[in-house]
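Here is how the chains run, residue by residue.
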Amino acid sequence: MKGQQREMDAIAREAQSAMREAETYATWHEAASVLDEREGLDEWMEEDVCEDFDWQLIRTRLRQLRQLREDGDVHALVHYMRQGLHWNIGNIGNPKLYAYARTGTKTLIDQYLQTVVETLEYLADTSFPEWPHARKLKFFREVTQSFGQSGLLLSGGATLGLFHVGVVKAIYLEGLLPRVLSGSSAGSVVAAAVSTRNEEQTLELLDPENSYYRFWRALRPADMMRFGSVMDPTQLRKAIAANVPDLTFEQAFEASGRSLNITVSPAGSNQPPRLLNHLTFPYVCVREAVAASCSVPLIFPPVMLMTRDARGARVPFMPTLKWNDGSLKSDLPMQRLRRLHNANHFVVSQTNPHVIPFLARAEGGPRAGRLAGVRKLVMGTLLQQSRSVVDIARSGLPDGGLRKPLDMAASLLDQNYRGNVTIMPQNSLWRFMRVTANPRIDDVRRFILEGERATWPRMAQVRNQLMVSQSLERCLTNLEAPEHQRQPLARKPRALRLVRQRAAEE
């Protein structure tokens with residue numbers, strides 16, 4: 001008996017080691033599956049009953065969908081889909097459901113979501129005499145609007161923002177990268193680099209050898225006084241130009257099909273923060289928007305935005321105004337994304353060094369640890385006390401002077417820094433020592449791999465959050481195309497096909 005136990009413990013240690021050292025999601029998932037089985041969590045996944053979601057509702061809807069599909073009654077099927085296809089139905093997006101097993105959640109939830117996707121694609125692909133194309137198109141447009149879509153939000157974080165590259169890479173290789181991307185400060189560089197390229201170019205960009213990472217160069221003391229900053233803005237612009245094509249927001253959307261959103265804050269006091277994208281400011285140039293979003297006060301000077309005039313010439317945009325770091329007042333612009341893009345569920349990659357210590361990592365479940373709840377309470381209390389201290393200090397002070405930095409501190413403390421799925425790096429001295437340092441190529445690879453490894457445990461949650469909205473998008477795009485251009489809906493994501501094709505060629 002003891003020998004058997006030692007053997008099982010050795011298997012568990014080997015699996016844990018394989019997870020820590022994994023360089024691909026497939027390798028990590030295989031090792032994580034071993035641990036889940038070893039701890040009996042595979043049995044938890046197979047059991048329907050759970051207090052964290054309405055399992056009875058989901059099981060009933062799953063049975064009904066299968067029955068209606070088998071009956072072949074398209075009107076009844078469409079009616080049932082139309083009245084019950086909503087984001088987070090039965091609380092199936094509850095983060096606690098993904099805090100038990102490493103590799104996923106309840107099989108019932110997976111089966112339900114997969115059945116919904118298969119039913120949508122069946123309805124889109126199949127011709128029904130009793131359900132003509134015009135009515136089918138109306139159904140998919142209305143359901144797509146009511147269901148909403150996901151957005152990927154990349155925070156600020158200076159050099160720590162290289163972590164975002166790993167998050168994007170992991171999600172992209174699984175074919176799950178949302179169409180709506182938002183970036184602030186360091187996150188704006190990554191979001192812009194991805195959202196100005198097509199699929200093939202994006203795959204090349206995610207190779208650390210194909211990007212430029214030297215953003216930092218300290219100014220001489222005399223130049224610091226002249227620019228009012230510590231770092232050289234010329235070097236910042238050079239690094240941005242090496243990673244981001246010279247496009248407007250409208251051109252970026254046409255090139256990638258993704259909506260790039262960049263937050264910038266006014267350097268003055270009479271302008272609100274702005275969310276720049278192809279809808280709000282289509283002719284503004286992306287490079288200057290990124291430079292503005294990266295311009296942390298005292299680190300880099302504020303930036304004048306540039307735009308294209310009616311003849312295509314580059315001219316100043318609002319030449320009396322300058323802009324700086326978007327994360328100061330709107331690191332994660334969820335409210336604006338909801339209004340502009342109908343985005344109502346978000347994946348957040350959070351690397352701000354002043355935020356990470358305050359955010360709890362565990363959502364509950366047996367793997368959270370006994371101290372997780374205590375830590376969450378302590379850090380929450382500390383954050384609330386910090387807000388109170390800043391509010392007391394601000395009260396009674398006139399505008400300007402000392403009031404301005406206190407207003408900035410209040411803005412930083414009052415923001416929401418979490419999404420429906422939040423991915424963060426671990427706290428470590430190594431990372432914080434490199435916040436404003438040019439990374440070596442080995443550091444770049446390490447940051448990117450850490451971003452990937454932090455994303456893999458969240459992959460099932462990301463997939464379940466996105467799969468229905470992405471299916472609706474594919475169906476609607478196909479149905480809106482001319483009849484001779486419509487194709488059977490692809491089951492494999494394009495990014496995965498490209499990766500496997502390249503692997504076969506090599």
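Residues numbered from 1 in each chain as written. Predicted model: local features only at pLDDT ≥ 70, side-chain atom pairs only at ≥ 80, totals over all residues. Heavy atoms only, no water.

Focus: the pattern of salt bridges
Scanning the model with the defined rule gives 21 salt bridges in all. E39 is the salt-bridge partner of R102, the closest N and O atoms lying 3.0 Å from each other. Here E39 lies in the loop between α2 (25-38) and α3 (41-46) and R102 lies in the loop between α5 (74-84) and α6 (107-125), a separation of 63 residues in the sequence. We classify R102 as buried; its relative accessible area is 12%. (Salt bridge = Lys/Arg side-chain N within 4 Å of Asp/Glu carboxyl O. Helix = DSSP H or I, 4+ residues; strand = E, 2+ residues; numbered from the N terminus. Buried < 20%, exposed > 50% of the residue type's maximum accessible area, 1.4 Å probe, protein only.)

What to know about the pairing of strand β8 (residues 343-349)
In terms of burial, β8 is largely enclosed, as 6 of its 7 residues are buried. Direction of pairing for strand β1 (residues 149-154) relative to β8: parallel, over a ladder of 6 bridges. Along β8, the bridge assignment pairs G151 with F346. When β8 meets strand β9 (residues 421-423), the two strands line up parallel, connected through 3 bridges. Following the sheet pairing, V348 is matched in β9 by T422. (Pairing = 2+ DSSP bridges.)

Details of the packing of helix α9 (residues 186-195) against helix α14 (residues 286-294)
Axis separation between α9 and α14 bottoms out at 7 Å; the angle between their running directions is 160°. As the angle between them shows, α9 and α14 are arranged roughly antiparallel. Contacts between α9 and α14 involve A186, S188, V189 and A192 on the former and, on the latter, V286, V290, S293 and C294. Grouping the amino acids of the contact of α9 with α14 by side-chain chemistry returns 6 nonpolar, 2 polar and no charged. (Axes fitted to C-alpha atoms, helices over the stretch in contact; angles between N-to-C directions. Parallel < 35°, antiparallel > 145°, perpendicular 65-115°, else oblique. Contact = heavy atoms within 4.5 Å. Nonpolar A, V, L, I, M, F, W, Y, C, P; charged D, E, K, R; others polar.)

Here we look at empty space enclosed by the protein
The tally for this structure, following the rule as stated, stands at 1 cavity of 30 Å³ or more. Taken as a whole, the largest cavity encloses approximately 140 Å³ of empty space. In terms of lining, the largest cavity is formed by 15 residues, of which the most central are W87, N88, I92, L113 and N464. Looking at the lining of the largest cavity, the elements that each hand over two or more residues are α6 and α21 (459-480). For the lining of the largest cavity, the leading source of residues is α21, giving 4 residues. Here the lining of the largest cavity is built from residues that sort into 9 nonpolar, 6 polar and no charged. (1 Å grid on protein atoms, 1.4 Å probe; cavity = no way out; pocket = protein on both sides within 12 Å on 5 of 7 lines; lining within 4 Å. Points joined across faces, edges and corners; volume = space filled by probe spheres on them.)

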